[in-house]
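Residue-level listing of the chains:
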Amino acid sequence: MTTKAHAEAHTLEANAGHGHDDHGGASHGSLKSYLIGFGLSVILTAVPFWLVMTGTIADKAVTALIVLVLAAVQIVVHMIYFLHMNTRSENGWTMMAMIFTVIMVVIALTGSLWVMHHLNVNMMPMHDMSQMP
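Values in this document were obtained by computation on a predicted structure and should not be read as measured data.

Okay, the overall build of the protein next. Scanning the protein from terminus to terminus reveals 4 helices and 0 strands. A total of 133 residues make up the protein; the buried ones form 14% of that total. Long-range contacts, defined here as pairs at least 24 residues apart, represent 60% of the contacts in the protein between residues at least 6 apart.

Quick look at the side chain of Thr-63 now. Topologically, Thr-63 is positioned in helix H3 (residues 60-81). Here Thr-63 falls in the buried class, since its relative accessible area comes to 9%.

This next bit is on the packing of aromatic side chains. In the structure shown here, the tally under the stated rule is 1 aromatic pair. Between Tyr-34 and Phe-82, the aromatic rings sit 6.2 Å apart at their centres with planes inclined by 15°, giving stacked as the arrangement. Of the two residues, Tyr-34 is situated in helix H2 (residues 31-54) and Phe-82 in the loop between H3 and helix H4 (93-123); the sequence distance between them amounts to 48 residues. With a relative accessible area of 32%, Tyr-34 lands in the partly exposed category.

Let us now look at the UniProt feature "transmembrane region" (unreviewed entry) in the protein. The UniProt entry lists residues 34-52, 64-83 and 95-116 under the feature "transmembrane region" (unreviewed entry), expressed in the numbering used here. Secondary structure content for residues 34-52 is 100% helix and 0% strand, while the C-alpha to C-alpha distance between its ends is 28 Å.

On to the side chain of Ser-41, then. Note on placement: Ser-41 falls in helix H2. In this structure the side chain of Ser-41 is engaged in a polar contact, spanning 2.8 Å, whose partner is the backbone oxygen of Gly-37. If we ignore the near neighbours within four places in the chain, the residues touching Ser-41 are Gln-74, Val-77, His-78 and Phe-82.

Where H2 meets H3, the closest approach of the two axes is 10 Å, and the angle between their N-to-C directions is 170°. Our classification of the angle between H2 and H3 gives roughly antiparallel. Pair H2 / H3 crosses with left-handed handedness. Residue-level inspection shows Ser-33, Tyr-34, Ile-36, Gly-37, Leu-40, Ser-41, Leu-44, Thr-45, Val-47, Pro-48, Leu-51 and Val-52 of H2 in contact with H3, the latter providing Thr-63, Ile-66, Val-67, Leu-70, Val-73, Gln-74, Val-77, His-78 and Tyr-81. Taken together, the residues that form the contact of H2 with H3 break down as 14 nonpolar, 7 polar and no charged.

With respect to the helices and strands, Leu-40 occurs in helix H2. You can call Leu-40 partly exposed: its relative accessible area is 32%. Here the alpha-carbon distance between Leu-40 and His-78, two residues 38 residues apart in the chain, equals 9.2 Å. Beyond its immediate sequence surroundings of up to four residues, Leu-40 is in contact with Val-77 and Tyr-81.

Turning our attention to H3. The end-to-end C-alpha distance of H3, which contains 22 residues, comes to 31 Å, matching closely the 32 Å that a straight helix rising 1.5 Å per residue would cover. Buried-residue contacts for H3 involve H2 and H4. Between the side-chain oxygen at the start of H3 and the backbone nitrogen of Ala-61 there is a gap of 3.3 Å, and the oxygen is on Asp-59.

All right, on to a nonpolar patch on the surface then. Together, Trp-93, Met-96, Ile-99, Phe-100, Ile-103, Met-104 and Ile-107 make up a nonpolar patch on the protein surface, roughly 750 Å² of accessible area in all. Structurally, the position occupied by Trp-93 is in helix H4. Judged by its relative accessible area of 60%, Trp-93 falls in the exposed class.

Quick notes on the rules
Residues numbered from 1 in each chain as written. Predicted model: local features only at pLDDT ≥ 70, side-chain atom pairs only at ≥ 80, totals over all residues. Heavy atoms only, no water. Helix = DSSP H or I, 4+ residues; strand = E, 2+ residues; numbered from the N terminus. Buried < 20%, exposed > 50% of the residue type's maximum accessible area, 1.4 Å probe, protein only. Contact = heavy atoms within 4.5 Å. Phe/Tyr/Trp six-rings, centres within 6.5 Å; stacked < 30°, edge-to-face > 60°. UniProt positions renumbered as here; feature names shortened; annotations may be inferred. Polar contact = N/O pair within 3.5 Å; in protein donor to acceptor, adjacent residues only side chain to side chain. Axes fitted to C-alpha atoms, helices over the stretch in contact; angles between N-to-C directions. Parallel < 35°, antiparallel > 145°, perpendicular 65-115°, else oblique. Left-handed = near helix turned anticlockwise from the far one by under 90°. Nonpolar A, V, L, I, M, F, W, Y, C, P; charged D, E, K, R; others polar. Expected span 1.5 Å × (residues − 1). Patch = residues over 30% accessible without salt bridge, like charges linked within 9 Å, V, L, I, M, F, W, Y side chains within 5 Å. Areas by Shrake-Rupley, 256 points an atom, 1.4 Å probe, with all protein chains shown as cover. Salt bridge = Lys/Arg side-chain N within 4 Å of Asp/Glu carboxyl O.

Here it is in structure tokens:
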């Protein structure tokens with residue numbers, strides 16, 4: 001391939017959007033976005049740790065619910081700031097893959113919890129074991 005033909009091929013490739021700088025709409029992020037993501041991650045880790053270690057909220061169920069909500073928010077922060085997932089990346093396919101994954105994880109976790117609950121209810125004795133002869 002001659003130099004002129006190589007230059008024309010490179011120009012065609014760049015114009016077609018298949019060059020090295022085309023990332024399917026995904027951003028690489030900047031130092032500012034990484035620092036925002038890091039700061040949010042630290043806060044979303046420290047707050048649940050503080051809640052559990054200090055016992056600020058007396059009801060353990062409420063504390064557990066708050067920790068779970070903050071964990072879900074932290075997952076979203078990681079996906080946006082570190083994995084750069086958005087609706088523009090790869091024509092939305094990364095978002096579709098993420099939605100499918102979330103649905104499968106929810107189905108697996110819900111099914112597992114349902115099975116464990118029913119096993120606990122149906123297999124564990126409800127009477128006092130100390131009264132047995």
